[in-house]
Amino acid sequence: MTSDQQITTERPNNDTQTQDFGDNPIEVRETDHYQEEYIRGFVEKWDDLIDWNARARSEGQFFIDMLKARGKKTVLDVACGTGFHSVQLLKAGFDVTSVDGSAEMVAKAFENARDRNLMLKTVHSDWRWLNRDIVGKFDAIICLGNSFTHLFKEEDRRRALAEFYAALKHDGILILDQRNYDAILDVGYDSKHKYYYCGDKVTAEPAHMDNSLARFRYTFPDGSEYYLNMFPLRKAYMRNLMKEVGFQRVNTYGDFQETFDEHDPDFLVHIADKT
Ligand code: SAM
């Protein structure tokens, strides 16, 4: 072995990696691209700035209450990201399994839980092949933090929802959230919709919007910028898709409220029931 052929079992250190959207970023409309968007620098910075306690306060008990009210105990967090919801649910006594398609995210979620003296059961899996990688069926699946929007093709969305459906017990529920893209597409974002996370530390705003691309820019206090390219899911389309895949009922909440004006909320939460 020569000196530059070292074997390492550690994660590749890609701290200096930059996001690569090519020459024409608004042409990047691919489901698989999420893997390259969540580079470590972005993930670490995000977690440093988004105070978990503040996020927990702003969401309140909504997801815990919804799960408890329906008697759900085993939860599959299919977009665990850095582990925020998995950790909240573990602390609340749920039996949680945490999945993400990004190895970077799975590792960070495990680390974040361990720092809080919790052990996460983690699985590295893409939703489109979820049942190949998990064992058993769950009472509930959560897909939160505007994650489903990463799927660009309709066949990928149908495939992922079918995998979620199959991973649930006969009376299972899917809780899936999304940005209110109808408001951004129909009303615009210049005046009203500028999104802040935890005060004004991180700004998230659309850099480009059309019917098949929502490109968001995230600006951090040190002036650094990162982008995510996503598919703008319309509320009616998303609700319909869940029903077509087999979910019997879909209830949608706007910013955690049952009644809301269509364009008011920033986020929508869908609760889809199998029975
Ligand atoms: N739920 C977390 C939160 O709220 O902080 C993370 C949200 S982050 C916006 C979206 C997550 O979805 C990322 O961790 C990404 O890796 C994951 N993801 C996107 N597409 C995926 C896919 N096809 N399969 C599995 N995970 C995926």
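Reading the values: the criteria
- Residues numbered from 1 in each chain as written.
- Predicted model: local features only at pLDDT ≥ 70, side-chain atom pairs only at ≥ 80, totals over all residues.
- Heavy atoms only, no water.
- Phe/Tyr/Trp six-rings, centres within 6.5 Å; stacked < 30°, edge-to-face > 60°.
- Helix = DSSP H or I, 4+ residues; strand = E, 2+ residues; numbered from the N terminus.
- Lys NZ or Arg CZ within 6 Å of the ring centre and 35° of its normal.
- Near = heavy atom within 4 Å.
- Polar contact = N/O pair within 3.5 Å; in protein donor to acceptor, adjacent residues only side chain to side chain.
- Areas by Shrake-Rupley, 256 points an atom, 1.4 Å probe, with all protein chains shown as cover.
- Disulfide = S-S within 2.5 Å.
- Pairing = 2+ DSSP bridges.
- Axes fitted to C-alpha atoms, helices over the stretch in contact; angles between N-to-C directions.
- Contact = heavy atoms within 4.5 Å.
- Core = buried A, V, L, I, M, F, W, Y, C linked by side-chain atoms within 4.5 Å.
- Buried < 20%, exposed > 50% of the residue type's maximum accessible area, 1.4 Å probe, protein only.
- Parallel < 35°, antiparallel > 145°, perpendicular 65-115°, else oblique.
- Left-handed = near helix turned anticlockwise from the far one by under 90°.
- Nonpolar A, V, L, I, M, F, W, Y, C, P; charged D, E, K, R; others polar.

A. Seen up close, the packing of aromatic side chains. If you walk through the whole model with that rule in mind, you get 16 aromatic pairs. Centre to centre, the rings of Phe42 and Phe220 are 6.2 Å apart; their planes meet at 85°, and the pair counts as edge-to-face. Remark: Phe220 occurs in the loop between β8 (213-219) and β9 (225-230) and Phe42 occurs in helix α2 (residues 40-49); sequence separation between them is 178 residues. By way of ring pairs, the aromatic residues Tyr38, Phe42, Phe216, Tyr218, Phe220 and Tyr226 are connected into one cluster. Here the guanidinium or amino end of Lys45 rests over the ring plane of Phe220, the centre of that ring lying 5.9 Å away. Between the NZ or CZ atom of Arg157 and the centre of the ring of Phe231, over which it lies, the distance is 3.9 Å.

B. Structural detail: the site of the ligand. Of all residues adjacent to the ligand, which total 19 residues, the nearest are Tyr38, Arg55, Ala79, Asp100 and Leu144. Separating a nitrogen atom of the ligand from a side-chain N or O atom of Asp126 is a distance of 3.2 Å. Taking Leu144, its main chain carries an N or O atom lying 2.8 Å from a nitrogen atom of the ligand. Coverage of the ligand by the protein amounts to 94% of the 600 Å² it exposes when considered alone.

C. Just the state of the cysteines, in detail. With the rule as written, the count across this model stands at zero disulfides. Its sulfur unpaired, Cys80 is 11 Å from the next cysteine sulfur, which belongs to Cys143.

D. Summary view of the sheet that holds strand β3 (residues 121-124). What the seven strands build is an open sheet, ordered β3-β2-β1-β4-β5-β11-β10; its pairing is mixed. Among the strands making up the open sheet, the edge pair consists of β3 and β10 (249-254). Sheet twist, expressed as the average angle between the axes of neighbouring strands with direction ignored, equals 20°. Relative to strand β5 (residues 168-179), strand β4 (residues 138-143) runs parallel, the two being bridged by five bridges. Its bridge partner being in β5, Ala140 is matched across the sheet by Ile173. Packing of helix α6 (residues 103-115) onto the sheet brings it into contact with β2 (95-100) and β3, and relative to β3 it is tilted by some 175°.

E. Region of interest: the nonpolar core. Counting 51 residues, the largest nonpolar core has Phe148, Leu161, Phe164 and Leu174 as its most contacted members. By size, the runner-up hydrophobic cluster in this structure holds 25 residues, among which are Phe62, Phe84, Val96 and Tyr253.

F. Quick peek at the packing of α2 against α6. Viewed as axis vectors pointing N to C, α2 and α6 meet at an angle of 30°, and their least axial separation amounts to 10 Å. Accordingly, the angle class assigned to the pair α2 and α6 is roughly parallel. As α2 packs across α6, the resulting crossing turns out to be right-handed. On α6, the residues touching Arg40, Val43, Glu44 and Asp47 of α2 are Glu104, Met105, Lys108 and Asn112. For the contact of α2 with α6, the residue count by class is two nonpolar, one polar and five charged.

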